[in-house]
Amino acid sequence: IQIQNKNNEINILDKQIIDKDKLIQQMERDFNDKQKKLQSQYEQSIALLEDKNLQLTQDFQTLSKKPSDQDKEEKDEQKQPKNQDDSSSVMSSGTNHIPNFDSFCSSSKLLKTFTGHTDIVWSIDYSTFDDGQFICSGSSDKTVRVWDVDNNKQIQSFNEHSSC
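Because the structure is a prediction, the values reported are computed rather than measured.

1. Some thoughts on the side chain of His117
So, step 1. Along the chain, the position of His117 falls in the loop between helix 4 (101–106) and strand 1 (121–129).
So, step 2. A distance of 3.2 Å separates a polar atom in the side chain of His117 from a polar atom in the side chain of Thr143.
So, step 3. Not counting the four nearest positions on each side in its chain, His117 is found in contact with Ser137, Gly138, Ser139, Asp141, Thr143, Arg145 and Trp147.

Printed below as a string of structure tokens:
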């Protein structure tokens with residue numbers, strides 16, 4: 001009887017080992033399936049990021065054209081015949097020329113600084129008069145100032161202007 005009981009225990013243990021082995025094999029298959037799925041998602045994400053990087057690089061190159069390239073484009077535009085009414089040609093073509101300030105900044109250098117405004121300068125205009133060069137600037141400090149470019153001096157200030 002004891003041998004029979006021991007044989008039964010061994011058979012039960014063998015079945016448990018087989019069941020545990022099947023469970024381990026199923027877990028390995030599940031793990032491998034999940035790993036393949038994650039690898040696929042990873043590869044798709046990398047491909048998407050590479051595409052976005054390429055698009056951003058192309059956009060950056062377009063926006064940061066060399067000033068000589070922009071000059072060529074502007075000269076080409078000037079060679080094309082224009083309508084008498086510029087506003088109608090802009091409206092009919094559906095495009096507006098937007099200046100590229102990044103290119104302007106990278107190709108320009110500071111020549112003079114005019115000190116006087118105490119807030120943001122929103123507009124400037126340049127003019128010549130009687131062999132003199134002048135800049136007029138309008139600011140959020142509610143002043144309009146006129147500057148003599150040759151002397152680097154303010155020659156007039158108009159206070160308390162109202163914004164339009």
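Now that the structure is up, let's keep going.
2. Some words on the sheet that holds strand 3 (residues 143–148)
So, step 1. On the basis of which strands lie adjacent, the open sheet formed by four strands has the order 1-2-3-4 and antiparallel pairing. The sheet is open, and its two borders are formed by strand 1 and strand 4 (153–159), each paired with just one other strand. On average, each strand axis in the sheet is tilted by 20 degrees relative to the strand beside it, whichever way the strands run.
So, step 2. For strand 2 (residues 132–139) and strand 3, the ladder comprises five bridges, and the chain directions are antiparallel. Counterpart to Phe134 in the pairing with strand 3 is Asp148.

3. Let's talk about the side chain of Asp141
So, step 1. Relative to the elements of secondary structure, Asp141 occurs in the loop between strand 2 and strand 3.
So, step 2. Engagement of the side chain of Asp141 in a polar contact is seen with the backbone nitrogen of Thr118, the distance being 2.8 Å.
So, step 3. Excluding residues within four positions of it along the chain, Asp141 makes contact with Gly116, His117, Thr118 and Asp119.

4. Some points on the environment of Ile155
So, step 1. Of note, Ile155 is situated in strand 4.
So, step 2. Measuring from C-alpha to C-alpha, the distance between Ile155 and Phe134 comes to 9.4 Å, with 21 residues separating the pair along the chain.
So, step 3. Discounting chain neighbours no more than four positions away, the residues touching Ile155 are Phe134, Val146, Trp147 and Asp148.

Calculation rules
Residues numbered from 1 in each chain as written. Predicted model: local features only at pLDDT ≥ 70, side-chain atom pairs only at ≥ 80, totals over all residues. Heavy atoms only, no water. Helix = DSSP H or I, 4+ residues; strand = E, 2+ residues; numbered from the N terminus. Polar contact = N/O pair within 3.5 Å; in protein donor to acceptor, adjacent residues only side chain to side chain. Contact = heavy atoms within 4.5 Å. Pairing = 2+ DSSP bridges. Axes fitted to C-alpha atoms, helices over the stretch in contact; angles between N-to-C directions.

Shape descriptors only; they carry no functional weight alone.
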